[in-house]
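What follows is the residue order along each chain.
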Amino acid sequence: MRWTRTVKVAAVFAAAALGLTACGGGDSNPAPAAQGKGGAPIVVASFNFTDSQILAELYANALESKGYPVERKLNLGSRELIYPELKKGSLQFIPEYQGAAIQTGFAGVPEKTPEAEHEQLKKLLEPSGVGLLNFAPAQNKNAFIVKADLAKEKGLKTLSDLKKLDKVVMGGGPECAQRIPCFKGLQDVYKLTNATFQAVQEAGPRVAGLKSGSITVITVDSVNPLVGDPAYAELQDDLGIVPTENIVPAVAKKVLDERGADFATVVNAVSAKLTTEELRTLNKRVDSDGEQAADVAKDWLKSKGL
């Protein structure tokens with residue numbers, strides 16, 4: 001999710017990946033601005049991992065149930081792809097993660113509380129014509145896990161304890177190598193001179209490497225079912241390289257202005273009832289039980305009267 005490419009290059013890739021050039025660019029007679037619940041669909045996007053897709057479905061389904069037209073563009077990729085399109089208005093709504101957005105989207109140092117992060121991110125997004133609604137109690141941040149038997153044998157409880165090992169191999173997505181809440185933090189903050197990085201794009205192979213012993217530690221989302229699994233142990237981030245990651249809807253200001261207070265009320269109602277534990281349960285239903293993100297989102301909304 002870090003800005004590892006220039007915006008210009010990212011925008012080129014985004015246009016190709018999202019098919020946005022063919023579906024609306026260059027219209028000399030654009031439709032009039034939508035007011036209230038009518039008009040053009042609100043384009044809701046997600047990053048390319050499970051709970052981001054679940055979150056997008058939660059907000060999209062809640063809006064649809066109240067009569068708002070929605071178009072989904074899910075599983076798109078990282079911020080390098082999404083942010084340029086959000087700025088252009090081709091995408092209009094993305095469930096964000098406050099600390100990561102500040103740290104990897106703007107190379108900033110996140111504030112220490114969710115409230116302060118919210119104000120910080122609001123100011124950073126403002127020049128792009130993007131606003132924030134209320135943040136949720138739910139968080140999803142990087143968690144570092146090792147095999148439980150290794151943790152017990154070597155007395156591993158914190159990331160600092162990894163210094164006890166002769167060799168540490170960390171597995172993560174390619175972007176992890178340059179991110180402070182990931183491998184770069186182990187190098188620059190924890191000063192783990194015994195650590196090397198292995199780029200593994202997909203979560204499944206990372207877990208397989210952890211099980212086989214070829215990888216020592218991997219990062220997973222804190223809402224991943226592996227967190228809390230007795231076969232694994234989560235290492236505490238004792239030096240605080242991972243910021244708080246409360247979920248927050250980032251929405252084009254044009255949409256906020258046109259749709260009005262009722263739109264914000266619908267979205268904020270979803271955020272208010274969403275907890276980390278519930279998001280982990282929804283994640284498990286998709287990743288472990290094979291259910292569809294749209295289905296688990298609808299079930300949750302129904303259970304909450306939304």
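Bear in mind the structure is a predicted one, so any value in this text is a computation, not a measurement.

Undergrad: Give a detailed account of helix α4 (residues 98–105), specifying residues and quantitative values.
TA: The element α4 is extensively covered by neighbouring structure, given that eight of its eight residues are classed as buried. For α4, the complete set of buried residues consists of Q98, G99, A100, A101, I102, Q103, T104 and G105. Next to the buried residues of α4 lie α3 (79–88), β3 (93–97), α5 (114–125) and β10 (247–252). A107 sits one or two positions beyond α4 and adopts a positive phi of about 55°.

Undergrad: Explain the pattern of salt bridges residue by residue, including any values.
TA: The full count for this structure, using the stated rule, is 15 salt bridges. We note a salt bridge from R72 to E64, for which the minimum N-O separation is 2.8 Å. What makes E64 partly exposed here is its relative accessible area of 32%. For K254, the salt bridge is made with E258, and the minimal N-O distance between the two is 2.9 Å. With a gap of four residues between them, K254 and E258 both fall in helix α9 (residues 253–272), about one helical turn apart. Classification of K254 as exposed rests on a relative accessible area of 53%. Under the relative-accessibility criterion, E258 is labelled buried at 14%.

Undergrad: Give me the lowdown on the packing of helix α10 (residues 276–287) against helix α11 (residues 293–303), citing residues and values where you can.
TA: Orientation of α10 relative to α11, taken along the N-to-C sense of each, is 145°, at an axis distance of 9 Å. The hand of the α10/α11 crossing is right-handed. Residues E278, L282, R285 and V286 of α10 lie in contact with α11, whose contacting residues are A293, V296, D299 and W300. Taken together, the residues that form the contact of α10 with α11 break down as five nonpolar, no polar and three charged.

Undergrad: Run through the packing of helix α2 (residues 50–65) against α10, naming residues and quoting values.
TA: With their axes 10 Å apart at the nearest point, α2 and α10 run at an angle of 110° to one another. With respect to α10, the axis of α2 lies roughly perpendicular. Residues T50, D51, I54, L55 and L58 of α2 form the contact with α10, whose own contacting residues are L279, L282, N283, V286 and D287. Grouping the constituent residues of the contact of α2 with α10 by class yields six nonpolar, two polar and two charged.

Undergrad: Tell me what's going on with the packing of aromatic side chains, and back it up with residues and numbers.
TA: All told, the structure shown has seven aromatic pairs when counted by the stated rule. Look at F49 and Y97: their rings are 5.8 Å apart centre to centre, the planes differ by 45°, and that puts the pair in the tilted class. Highlighted residues: F49 in the loop between β1 (42–45) and α2 and Y97 in strand β3, separated in sequence by 48 residues. The burial state of F49 is the same as that of Y97; both residues are buried. With a centroid separation of 5.7 Å and an interplanar angle of 80°, the aromatic rings of Y68 and F263 are classed as edge-to-face. Residue Y68 is found in the loop between α2 and β2 (70–73), and its partner F263 is found in helix α9; the two are separated by 195 residues along the sequence.

Undergrad: Break down unusual backbone geometry for me, with residues and values.
TA: The bulk of non-glycine residues show a negative phi, and the bulk of peptide bonds are trans. Positive phi, normally seen in glycine, also occurs at N75, with a value near 60°. Relative to the elements of secondary structure, N75 occurs in the loop between β2 and α3. On the basis of relative accessibility, which here comes to 44%, the residue N75 falls in the partly exposed class.

Undergrad: Account for the environment of T104, with residues named and values stated.
TA: Structurally, T104 is set in helix α4. Spatially, the C-alpha atom of T104 lies 9.7 Å from that of Q178, the residues being 74 residues apart in sequence. Side-chain polar atoms of T104 contact the side chain of R79, separated by 3.0 Å. In this structure the side chain of T104 is engaged in a polar contact, spanning 2.6 Å, whose partner is the backbone oxygen of A100.

Undergrad: Provide a residue-level description of the nonpolar core, including the pertinent values.
TA: One recurring pattern in soluble globular proteins is that nonpolar side chains are buried together. Core analysis: the biggest nonpolar cluster contains 55 residues, and L58, L63, F93, I247 and F263 have the highest contact counts within it. Among the elements that make up this core, the one with the highest residue count is α2 (eight residues). Excluding its chain neighbours within four sequence positions, the residues that come into contact with F263 are I42, L63, Y68, F93, L133, V251, V255 and L256. Core analysis: the second largest hydrophobic core is formed by 22 residues, L162, Y190, A195 and L235 among them.

Undergrad: Explain the state of the cysteines residue by residue, including any values.
TA: Across all of its chains, the model carries one disulfide by this definition. Between the sulfur atoms of C176 and its disulfide mate C182 the distance is 2.0 Å. Across the S-S bond linking C176 and C182, the dihedral sits near -95°, which makes this disulfide left-handed. Residue classification places C182 among the buried residues on the basis of a relative accessible area of 4%.

Parameters at a glance
Residues numbered from 1 in each chain as written. Predicted model: local features only at pLDDT ≥ 70, side-chain atom pairs only at ≥ 80, totals over all residues. Heavy atoms only, no water. Buried < 20%, exposed > 50% of the residue type's maximum accessible area, 1.4 Å probe, protein only. Helix = DSSP H or I, 4+ residues; strand = E, 2+ residues; numbered from the N terminus. Contact = heavy atoms within 4.5 Å. Salt bridge = Lys/Arg side-chain N within 4 Å of Asp/Glu carboxyl O. Axes fitted to C-alpha atoms, helices over the stretch in contact; angles between N-to-C directions. Left-handed = near helix turned anticlockwise from the far one by under 90°. Nonpolar A, V, L, I, M, F, W, Y, C, P; charged D, E, K, R; others polar. Parallel < 35°, antiparallel > 145°, perpendicular 65-115°, else oblique. Phe/Tyr/Trp six-rings, centres within 6.5 Å; stacked < 30°, edge-to-face > 60°. Polar contact = N/O pair within 3.5 Å; in protein donor to acceptor, adjacent residues only side chain to side chain. Core = buried A, V, L, I, M, F, W, Y, C linked by side-chain atoms within 4.5 Å. Disulfide = S-S within 2.5 Å.

Without other data, these values stay purely geometric and don't point to any function.
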